[in-house]
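# A closer look at the structure
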Amino acid sequence: MTGPHLSEASFDFLEELEHRNNREWFLEHKSTYELELKDRMLLIADAISAGLAEFAPEHVRPPAKAVMRIYRDVRFARDKTPYKTHVAAFWPRQGLEKTGGAGYFVQIGVHGVMIAAGSYLPAAPQLFAIREYLLEHHTQMRRVLSAVERTGLAEPLDGHRLIRSPKGFDAEHPAVDLLRNRQWAVTANLPGDAALGVDFTALVIERFRAMTPLVNLLNVPLAEVTPLQREATAGRR
């Protein structure tokens, strides 16, 4: 399958940006960024959205909204370099874009491609909602995680687990190992030059399809988080 992809010039730009991450250099080479990175990434996002339409239509979004900005938010960061040295795109569930729904993510850099789906380090209200849901649905979650892993297209879930059961949850509950998770996204990693191939979007779509059962399951409790729940669980992890 032939599809959009990045170019050698795209990677040349990103490699140089790692060493010349300043506004003057970026503005001097902005035309290269626009042509070889931004425009190509918009085409990639459009092709991935077309793929998502087949199995996750509620996650389809316009390329301009899916593709993330290359500009870093440095307001509270120690690292004040102004630009990311990768490009990325995100497809949350429609209606949950600003409330922490599970979705699909791809990040492309010279040193590797990360493909991910789920809810990465959800905020306290969303994490609480997932844990509450798992009290009754942990067997279903185990089946989903096992099925995703068996595809060979995603790494086993790394939950960034707590040492102990979370506050307010029974330490003897049969789902306690799942309840300790703080992160609910599965990932797949490819070499950077995978993004240069004509089959790149097909590779991403294939992995997104395999990860979809986890996204769908997580969005059941996440879609039901209310403003009252967000306030009640503020600060809880």
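As shown above, the structure is provided for reference.
What you see is a predicted model, and the numbers here were worked out from it, not measured in a lab. (Residues numbered from 1 in each chain as written. Predicted model: local features only at pLDDT ≥ 70, side-chain atom pairs only at ≥ 80, totals over all residues. Heavy atoms only, no water.)

## Considering the overall build of the protein
Across its full length, the protein carries eight helices and four strands. Walking the protein from its N terminus toward its C terminus, one meets helices and strands in the order α-α-α-α-β-β-β-α-α-β-α-α. Over its C-alpha trace the protein gives a radius of gyration of 19 Å, about what one expects of a compact globule, namely 18 Å for 237 residues. Judged by the C-alpha coordinates and their principal axes, the protein covers about 60 × 40 × 30 Å. Counting all 237 residues of the protein, 45% fall into the buried class. For the protein, the share of sequence-separated contacts (at least 6 apart) that also reach a separation of at least 24 residues comes to 72%. As displayed, the protein offers around 12,400 Å² of accessible surface, 52% of which is attributable to carbon and sulfur atoms. Averaging the coordinates of the 29 positive side-chain charges in the protein and doing the same for the 29 negative ones gives two points 8 Å apart. (Helix = DSSP H or I, 4+ residues; strand = E, 2+ residues; numbered from the N terminus. Rg over C-alpha atoms; globule rule 2.2 N^0.38 Å. Buried < 20%, exposed > 50% of the residue type's maximum accessible area, 1.4 Å probe, protein only. Contact = heavy atoms within 4.5 Å. Areas by Shrake-Rupley, 256 points an atom, 1.4 Å probe, with all protein chains shown as cover. Lys, Arg positive; Asp, Glu negative; His and termini not counted. Charge placed at Lys NZ, Arg CZ, Asp CG, Glu CD.)

## Notes on the pattern of salt bridges
Considering all chains together, one arrives at eight salt bridges under this definition. In this structure, the salt-bridge partner of Glu36 is Arg40, at a minimum N-O distance of 3.0 Å. With Glu36 and Arg40 both in helix α3 (residues 30-55) and four residues apart, the pair spans about one turn of that helix. Across the pair Asp177 and Arg142 runs a salt bridge whose closest N-O atoms are separated by 2.8 Å. With a gap of 35 residues between them, Asp177 in helix α6 (residues 176-179) and Arg142 in helix α5 (residues 124-150) connect regions that are remote in the sequence. Residue classification places Asp177 among the partly exposed residues on the basis of a relative accessible area of 23%. (Salt bridge = Lys/Arg side-chain N within 4 Å of Asp/Glu carboxyl O.)

## A short note on the environment of Ala223
As for its position among the elements, Ala223 is in the loop between α7 (200-222) and α8 (227-232). Residues Ala223 and Val113, spaced 110 residues apart in sequence, show a C-alpha to C-alpha distance of 29 Å.

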